[in-house]
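Structural description and commentary
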Amino acid sequence: MYQNKKGETAIWGIKHTDLTNKDKKLCLKEKSLPENYGEHVMYLFKNDYIKVFSKKKDEMKFLGFYKSVENVNQNKLKVALPTKPKRKTPLTVSKSDVFKKYDIDILGNKGGEIKCSAPLSLIPAKK
């Protein structure tokens, strides 16, 4: 998840070819960033518990588990409700959506909000 230069929410899938190993750390290749990349918001991993708000409508859009990407070009994610974790449904991400990620312990109890993780380091492109 990132915000573009206009401050709108966007999703971007990191491919294996976008990463490189430097000094035993995973780093992004600079040329792999989207053209309109503004600011890192968060990484989403399978089974992350997320809450999605719509800024425009000032309401909660979704509360449940992130499963995978359905289509990056159409801003669609596959998500599952807490009551039906095996059933994946599509969620379309709009430009005004705000995401929050929460900790879930081994017993399924919801914890506090997980703040934005640091973006992967960038490796300057070779000229």
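Below you will find a few notes about this structure.

Parameters at a glance
Residues numbered from 1 in each chain as written. Predicted model: local features only at pLDDT ≥ 70, side-chain atom pairs only at ≥ 80, totals over all residues. Heavy atoms only, no water. Salt bridge = Lys/Arg side-chain N within 4 Å of Asp/Glu carboxyl O. Helix = DSSP H or I, 4+ residues; strand = E, 2+ residues; numbered from the N terminus. Buried < 20%, exposed > 50% of the residue type's maximum accessible area, 1.4 Å probe, protein only. Phe/Tyr/Trp six-rings, centres within 6.5 Å; stacked < 30°, edge-to-face > 60°. Lys NZ or Arg CZ within 6 Å of the ring centre and 35° of its normal. Pairing = 2+ DSSP bridges.

Scanning the entire structure with this criterion turns up three salt bridges. Across the pair Asp97 and Lys61 runs a salt bridge whose closest N-O atoms are separated by 2.8 Å. Taken together, the positions of Asp97 in strand S10 (residues 97–104) and Lys61 in strand S7 (residues 59–71) put the pair 36 residues apart, joining distant regions of the chain. Of the charged contacts, one joins Lys115 and Glu113 as a salt bridge, the two residues approaching to 3.8 Å between their closest N and O atoms. A residue is classified by how much of its surface remains accessible, and Lys115, at 60% relative accessible area, is exposed.

Next up on the list: the packing of aromatic side chains. For the structure on display, the rule yields four aromatic pairs. Between Tyr43 and Phe45, the ring centres sit 6.4 Å apart and the planes meet at 40 degrees, which makes this aromatic pair tilted. Relative accessible area serves as the criterion here: at 17%, Tyr43 is assigned to the buried category. By relative accessible area, Phe45 is classed as exposed at 53%. Residue placement shows Lys110 over the ring face of Tyr102; its charged tip is 4.2 Å from the ring centre.

To continue, consider the sheet that holds strand S1 (residues 2–4). One open sheet holds the three strands; their spatial order is S2-S1-S5, and the pairing between them is antiparallel. At either end of the open sheet lies a strand with only one pairing partner, and these are strand S2 (9–10) and strand S5 (37–40). Bridge analysis of S1 against S2 gives two bridges, and the strand direction is antiparallel. Bridge pairing in S2 links Tyr2 to Ala10.

Nothing here speaks to function; it is geometry throughout.
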